[in-house]
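Okay, here's what each chain looks like letter by letter:
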Amino acid sequence: PEVEAILTAVLRSRRLHAKRDHAILSVLFYAGLRIGETLELRPEDVDFGLGLLRVIGKGGRLRQVPLHPQLAATVRAWLRTRRELRMQGPWLFPSRASFHDTCGKLDADRVRCILRRSYLPSSGVKGRVTPHTLRRSFATILRRRRVPLEHVQRLLGHARIETTRQYVRETP
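It should be emphasised that the depicted structure is a prediction, and the values quoted were computed from it without experimental measurement. (Residues numbered from 1 in each chain as written. Predicted model: local features only at pLDDT ≥ 70, side-chain atom pairs only at ≥ 80, totals over all residues. Heavy atoms only, no water.)

## Comments concerning the environment of Glu 37
Piece 1. Along the chain, Glu 37 turns up in helix α3 (residues 35-40).
Piece 2. Assessed through its relative accessible area of 5%, Glu 37 is described here as buried.
Piece 3. If sequence neighbours within four positions are ignored, Glu 37 has contacts with Val 55, Ile 56, Gly 57, Lys 58, Arg 63 and Arg 135. (Helix = DSSP H or I, 4+ residues; strand = E, 2+ residues; numbered from the N terminus. Buried < 20%, exposed > 50% of the residue type's maximum accessible area, 1.4 Å probe, protein only. Contact = heavy atoms within 4.5 Å.)

The following block contains the structure:
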């Protein structure tokens with residue numbers, strides 16, 4: 001419910017970059033990506049045909065993550081908006097500076113700030129919520145649905161199963 005409240009607050013926003021921000025937060029929650037992985041995505045990393053995101057994780061390891069139907073719709077909408085705004089550059093989520101030029105990758109601190117200042121107050125969610133919180137929520141929901149821990153580990157890109165256990169607060 002808290003994640004839904006945040007995503008709804010983004011959709012209600014009149015901010016110029018609300019569609020981009022909604023897509024970023026959706027990737028974090030529906031795909032469980034790290035913020036750095038999310039900001040490194042390029043449009044060609046989204047394979048709508050196969051329903052996959054290609055992600056370069058820590059250590060340069062490539063993994064593929066299923067593209068949740070809600071996430072696919074959100075990313076499609078963002079790509080349409082990105083084209084309409086003629087945002088240039090290789091990144092799926094360029095910064096404001098990349099209007100009509102080829103530079104400007106959004107950085108993680110900026111996303112944290114946008115989340116904290118622009119959307120949390122209007123969402124009604126109390127407490128500290130970060131991009132990492134959305135990733136952990138993804139993992140926790142999967143475990144509640146009895147997805148095997150090893151599968152969650154692969155989706156998150158963890159090298160060690162112990163890291164995944166800590167994420168979902170499980171004991172061996």
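## Topic: helix α2 (residues 18-31)
Piece 1. If you check α2, its first and last C-alpha atoms are 19 Å apart, about what 14 residues at 1.5 Å a residue would give, namely 20 Å.
Piece 2. Among all positions in α2, only Ala 18, Arg 20, Asp 21, His 22, Ala 23, Ile 24, Leu 25, Ser 26, Val 27, Leu 28, Phe 29 and Ala 31 are buried.
Piece 3. Looking one or two residues beyond α2, the residue adopting positive phi is Gly 32, at roughly 70°. (Expected span 1.5 Å × (residues − 1).)

## Overview of the packing of α2 against helix α4 (residues 69-84)
Piece 1. Following both chains from N to C, one finds α2 and α4 inclined at 155°, their axes separated by 9 Å at the closest point. With respect to α4, the element α2 is oriented roughly antiparallel. Classified by chirality, the crossing of α4 by α2 is left-handed. Packed against α2, whose contacting residues are Lys 19, Arg 20, His 22, Ala 23, Ser 26, Val 27, Tyr 30 and Ala 31, the element α4 presents Gln 70, Leu 71, Thr 74, Val 75, Trp 78 and Thr 81 at the interface. (Axes fitted to C-alpha atoms, helices over the stretch in contact; angles between N-to-C directions. Parallel < 35°, antiparallel > 145°, perpendicular 65-115°, else oblique. Left-handed = near helix turned anticlockwise from the far one by under 90°.)

## Comments concerning the nonpolar core
Piece 1. Ile 24, Leu 25, Leu 33, Leu 53 and Phe 93 are the most contacted members of the largest nonpolar core, which has 50 residues in total.
Piece 2. No other element matches α2, which puts 8 residues into this core.
Piece 3. The residues touching Leu 25, leaving out its near neighbours within four places in the chain, are Ile 6, Leu 7, Val 10, Leu 115 and Leu 134. (Core = buried A, V, L, I, M, F, W, Y, C linked by side-chain atoms within 4.5 Å.)

## Things to note about the packing of aromatic side chains
Piece 1. Throughout the structure, instances matching the rule amount to 2 aromatic pairs.
Piece 2. Here Phe 29 and Tyr 30 contribute two aromatic rings whose centre-to-centre distance is 5.0 Å and whose plane-to-plane angle is 70°, an arrangement assigned as edge-to-face.
Piece 3. Taking 6.5 Å as the distance between ring centres and 25° as the angle between the ring planes, the aromatic pair formed by Trp 78 and Phe 93 counts as stacked. One end of the pair, Trp 78, is in helix α4; the other, Phe 93, is in the loop between α4 and α5 (108-123), with 15 residues separating them in the sequence. Note on accessibility: Trp 78 and Phe 93 belong to one class, buried. (Phe/Tyr/Trp six-rings, centres within 6.5 Å; stacked < 30°, edge-to-face > 60°.)

## Details of a positive patch on the surface
Piece 1. On the surface, a cluster of positive charge is made up of Lys 19, Arg 76, Arg 80 and Arg 83.
Piece 2. Among the elements that take part in the positive patch, α4 stands out by supplying 3 residues, more than any other.
Piece 3. Mapped onto the secondary structure, Arg 83 falls in helix α4. (Patch = residues over 30% accessible without salt bridge, like charges linked within 9 Å, V, L, I, M, F, W, Y side chains within 5 Å. Areas by Shrake-Rupley, 256 points an atom, 1.4 Å probe, with all protein chains shown as cover. Salt bridge = Lys/Arg side-chain N within 4 Å of Asp/Glu carboxyl O. Lys, Arg positive; Asp, Glu negative; His and termini not counted. Charge placed at Lys NZ, Arg CZ, Asp CG, Glu CD.)

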